[in-house]
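# Observations on chain architecture
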Amino acid sequence: MSKPALISCQHLSKSYGHSTNASVILRDITLTIEEGCYVALMGPSGSGKSTLLNILGCLDDFDSGSYHLLNYAIEQQSLNLLSQIRCRHIGFIFQDYGLVNEYSVLDNISLPLYLQGIAKTRANAKALVLLKRFTLQDHADKYPLTLSGGQQQRVAICRALISQPKVILADEPTGNLDQQSGQQVLELFDEIHQQGVTLVVATHDTTLATRAQKIFHIEDGKIQTMAPKEMETDV
Ligand SMILES: Nc1ncnc2c1ncn2[C@@H]1O[C@H](COP(=O)(O)OP(=O)(O)O)[C@@H](O)[C@H]1O
Ligand SMILES: [Mg+2]
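Residues numbered from 1 in each chain as written. Chains lettered and ligands numbered in written order. Predicted model: local features only at pLDDT ≥ 70, side-chain atom pairs only at ≥ 80, totals over all residues.

### Description of the environment of Gly-175
Within the fold, Gly-175 resides in the loop between strand S7 (167-171) and helix H6 (179-194). Classification of Gly-175 as partly exposed rests on a count of 15 C-beta atoms within 10 Å. A sequence separation of 29 residues divides Gly-175 from His-204, and the C-alpha atoms of the two residues are 7.9 Å apart. (Helix = DSSP H or I, 4+ residues; strand = E, 2+ residues; numbered from the N terminus. Buried ≥ 20, exposed ≤ 12 C-beta atoms within 10 Å, placed from the backbone.)

Here's what the structure looks like:
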């Protein structure tokens, strides 16, 4: 039996600018992502990968169409509820890690729980479990800029996981990393996927894309679904 859809977009469109000057970025996007699926989002630079990921993460709105996430009709939710959905169900990972440089590693990872009003001792205890899992426990009291890029991205992955989200959205997560650190991130993604978390990753990295179960290729604002096997024959 197929798994239920976690994400379902119907005829979704997005433009920037107004009337005659509007540029259409996403045209009539219809896609479904089942719970637990590992999806790569590919396409040339400027094709709309980040725009789509931001919409899926409820960070940006869209002009027409509908988007259901976990049975919430996203276009009908208040800003307050969207913020709660983001906080509880979605983990974000960015190319530039997006850590708060003035906060320690422990506080960076605990931040999503602080924002949910969870007490510091409880949040820090959860953060420490993740730090140990990713062998970063010796860095808990350090600040992000004293760590390597690979270590910072692993801290960002811990932060994305701390609320036990249903879905992780990652925008070019290996884009700033050397090959070895990028490989470590890919191995962590495999592990996260095996634990049942849904992953949607915008990437140029064909190694990552071939590890995913499904590839969405965006070009000229339209989307095409491919299997990773088709990707292998393309490269
Ligand atoms: N806030 C914005 N205002 C106007 N145009 C934007 C904005 N954000 C993105 N764009 C444009 O939308 C297009 C898609 O951008 P983006 O989603 O970042 O592509 P990708 O992530 O695939 O490189 C680009 O042409 C970009 O210039
Ligand atoms: Mg982008």
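### Side note on the pairing of strand S1 (residues 5-16)
On a regular strand, each side chain points to the face opposite its neighbour's, so the side chains alternate between the two faces of the sheet. As defined by bridge partners, S1 adjoins strand S2 (residues 23-34) across eight bridges and the pair is classed as antiparallel. Bridging from a neighbouring strand, Leu-12 pairs with Ile-29 of S2. Here S1 hands over to S2 after six residues, with Gly-17 in that stretch at a positive phi of 90°. Bridge analysis of S1 against strand S4 (residues 64-69) gives five bridges, and the strand direction is antiparallel. Opposite Gln-10, over in S4, you have Ser-66 as the bridge partner. (Pairing = 2+ DSSP bridges.)

### Focus on the sheet that holds strand S6 (residues 90-94)
In spatial order, the strands read S6-S7-S8-S3-S9-S10; together these six strands make up an open sheet with mixed pairing. Strands with a single pairing partner mark the edges of an open sheet, and in this sheet they are S6 and strand S10 (222-226). In this sheet, neighbouring strand axes are inclined to one another by 20° on average, regardless of whether the strands run parallel or antiparallel. Bridge count between strand S3 (residues 38-42) and strand S8 (residues 198-202): four bridges; the pairing is parallel. (Axes fitted to C-alpha atoms, helices over the stretch in contact; angles between N-to-C directions.)

### Quick look at the site of ligand 1
In the neighbourhood of ligand 1, the contacting residues comprise Tyr-16, Ile-25, Gly-43, Ser-45, Gly-46, Ser-47, Gly-48, Lys-49, Ser-50 and Thr-51. No other element matches helix H1 (residues 49-56), which puts three residues into the shell around ligand 1. (Near = placed C-beta within 6 Å.)

### Here we look at the packing of helix H3 (residues 105-115) against helix H5 (residues 149-161)
Contact geometry for H3 and H5: axes closest at 7 Å, N-to-C directions at 30°. Relative to H5, the element H3 lies roughly parallel. For the crossing formed where H3 meets H5, the hand is right-handed. Along its contact with H3, which presents Val-105, Asn-108, Ile-109, Leu-111 and Pro-112, the element H5 presents Val-155, Cys-158 and Arg-159. By residue class, the composition of the contact of H3 with H5 is six nonpolar, one polar and one charged. (Parallel < 35°, antiparallel > 145°, perpendicular 65-115°, else oblique. Left-handed = near helix turned anticlockwise from the far one by under 90°. Contact = placed C-beta atoms within 7 Å. Nonpolar A, V, L, I, M, F, W, Y, C, P; charged D, E, K, R; others polar.)

### Digging into H1
Along H1, the positions that sit buried rather than exposed are Lys-49, Leu-52, Leu-53, Ile-55 and Leu-56. Down the axis of H1, the smallest arc covering the buried residues is 160°, so these residues share one side. Where H1 terminates, the next one or two residues include Cys-58, which has phi positive at roughly 60°. (Arc of directions from axis to C-beta.)

### Remarks on the nonpolar core
Where a protein is soluble and globular, its nonpolar side chains tend to be buried together. In this structure, Leu-41 and Val-200 are the most contacted members of the largest nonpolar core, which totals 63 residues. Setting aside chain neighbours within four positions, we find Val-200 in contact with Ile-33, Val-39, Leu-41, Leu-53, Leu-56, Val-167 and Leu-169. (Core = buried A, V, L, I, M, F, W, Y, C linked by C-beta atoms within 7 Å.)

By themselves, these are just geometric observations and shouldn't be taken as functional.
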